[in-house]
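Here is what each chain is made of, one letter per residue.
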Amino acid sequence: MTHTGKEPVAVVGVGQTKHVAARHDVSIAGLVREAAVRALADAELSWADIDAVVIGKAPDFFEGVMMPELYLADALGAVGKPMLRVHTAGSVGGSTALVASHLVAARVHRTVLTLAFEKQSESNAMWGLSLPVPFQQPLLAGAGGFFAPHVRAYMRRTGAPDAVGSLVAYKDRRNALKNPYAHLHEHDITLEKVRASPMLWDPIRYSETCPSSDGACAMILTDRAGAARSRKPPAWVHGGAMRSEPTLFAGKDFVSPQAGKDCAADVYRQAGITDPRREIDAVEMYVPFSWYEPMWLENLGFAQEGEGWKLTEAGVTELDGDLPVNPSGGVLSTNPIGASGMIRFAEAALQVRGQAGEHQVPGARRAMGHAYGGGAQFFAMWLVGAEPPTT
């Protein structure tokens, strides 16, 4: 039979570990297998049903194990099967899922296991990201130190009040209480506690930052025939894209990078979205520091320039708002760096499958997953829906 066009791609299985500060009970192989087994169980499939594995993680120096995918084939049922490693810094979880989806869309493979992970307890990412002079100015520590001036620039550009960041953190930590896989479960969280937490990188407070987590996330992607065999509702990929730009170049806008705008525009074009604010029911957005919610709301076209913080302040992005952002608790509550982007993609899939549990957005039919990495330079996004794509 001659096929024309892309094969529709469906998410039929999702699996996560319980994300925590340290998983001393398992090796990296044990960690990734745990997520993969759960994804297979959700899809009601076995290892024999998987044609290929696509794996991703953040820089190898985060654990000090170079090219760990070389020894993970056995744990992931990939002996004798194609296995591909993806790396795009913090956005890698998203780009890994997209590479897997392309293999199905291109009919290279019918059913693919995609997985991303990080075991941050085996290293120290903050100091790993703090390069020595002369490779970096001696003014910052970790990613927070790098991004804090960009947050301050956003505040100056838009006139956003200081309190907006704490509103995001308070929302996401409360959402995390409804997600059994989330790392941080702060049952006594209050807005006052967030605002009273120590300042780490002005204007970012301790409670407005992501944790350091051990965890893995896996998904099973399949074609139309595979989705038809599934007894659970699939999530259909309506659009997906990656974009990148240099860390530094003349005219770079650190507050709203062009690569992010271009990536979102491509996804919306593929999915037939003309008004994302009205046509998308939930967003799982990569927000490692609370101020990035209003910043990305503008970058992704959900708000006009300078207006993102007003959506946050008005409660629009709350779980019961009309554009829920990070119902799962987001990166602010769970951050196994390599997996953080894939968790965003997987949680978007869970929403349109109606399987997000207590943090389910009622009636969600279209959801967006978003990831970014590096110096706000790598972007990966997808939009999934409850119905098959129309083209």
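Located above this text is the structure these notes cover.
Just so it is clear, the model here is predicted, and its values are computed rather than measured. (Residues numbered from 1 in each chain as written. Predicted model: local features only at pLDDT ≥ 70, side-chain atom pairs only at ≥ 80, totals over all residues. Heavy atoms only, no water.)

(A) Looking closely at the pattern of salt bridges. What the rule picks out here adds up to 29 salt bridges. Across the salt bridge formed by Asp42 and Lys232, the nearest N and O atoms sit 2.8 Å from each other. Remark: Lys232 occurs in the loop between α8 (224-229) and β8 (235-244) and Asp42 occurs in helix α1 (residues 28-43); sequence separation between them is 190 residues. Here Asp188 makes a salt bridge to Lys193, at a shortest N to O gap of 2.9 Å. Overall, Lys193 belongs to the partly exposed group, its relative accessible area being 44%. Salt bridges sharing partners connect three or more residues here, namely Lys57, Asp60, Glu63, Glu69, Arg85 and Glu118. (Salt bridge = Lys/Arg side-chain N within 4 Å of Asp/Glu carboxyl O. Helix = DSSP H or I, 4+ residues; strand = E, 2+ residues; numbered from the N terminus. Buried < 20%, exposed > 50% of the residue type's maximum accessible area, 1.4 Å probe, protein only.)

(B) Examining the nonpolar core more closely. Membership of the largest hydrophobic core comes to 55 residues, with the highest contact counts inside it found for Tyr292 and Phe302. Counting residues per element, the ones that place at least two in this core are α5 (142-158), α6 (164-176), α9 (258-271), α11 (292-299), α12 (308-313), β10 (366-373) and β11 (378-385). Of the residues forming this core, the biggest block, six residues, is contributed by α9. Apart from the residues lying within four places of it in its own chain, the contact partners of Phe302 are Tyr268, Pro276, Arg277, Ile280, Val283, Leu297, Leu311, Leu323 and Met368. (Core = buried A, V, L, I, M, F, W, Y, C linked by side-chain atoms within 4.5 Å. Contact = heavy atoms within 4.5 Å.)

(C) Just the side chain of Glu298, in detail. Tracing the chain through its elements places Glu298 in helix α11. Put simply, Glu298 is tucked away with no salt bridge, and the nearest opposite charge, on Arg157, sits 6.6 Å away. Residues within four places of Glu298 in sequence aside, it is in contact with Tyr154, Thr158, Ala303, Gln304, Glu305, Gly306, Glu307, Gly308 and Trp309. (Lys, Arg positive; Asp, Glu negative; His and termini not counted.)

(D) Seen up close, the pairing of strand β2 (residues 52-57). Counting buried residues along β2, six of its six residues qualify, which places the element largely inside the surrounding structure. Side chains Ala52, Val54 and Gly56 of β2 all project onto a buried face; the interleaved residues Val53, Ile55 and Lys57 project onto the opposite face, where all are buried too. Bridging between β2 and strand β4 (residues 111-119) involves six bridges; their strand directions are parallel. Residue pairing in the sheet places Val54 in a bridge with Thr114 of β4. With four bridges joining them, β2 and strand β3 (residues 83-86) adopt parallel strand pairing. Bridge pairing in β3 links Val54 to Leu84. (Pairing = 2+ DSSP bridges.)

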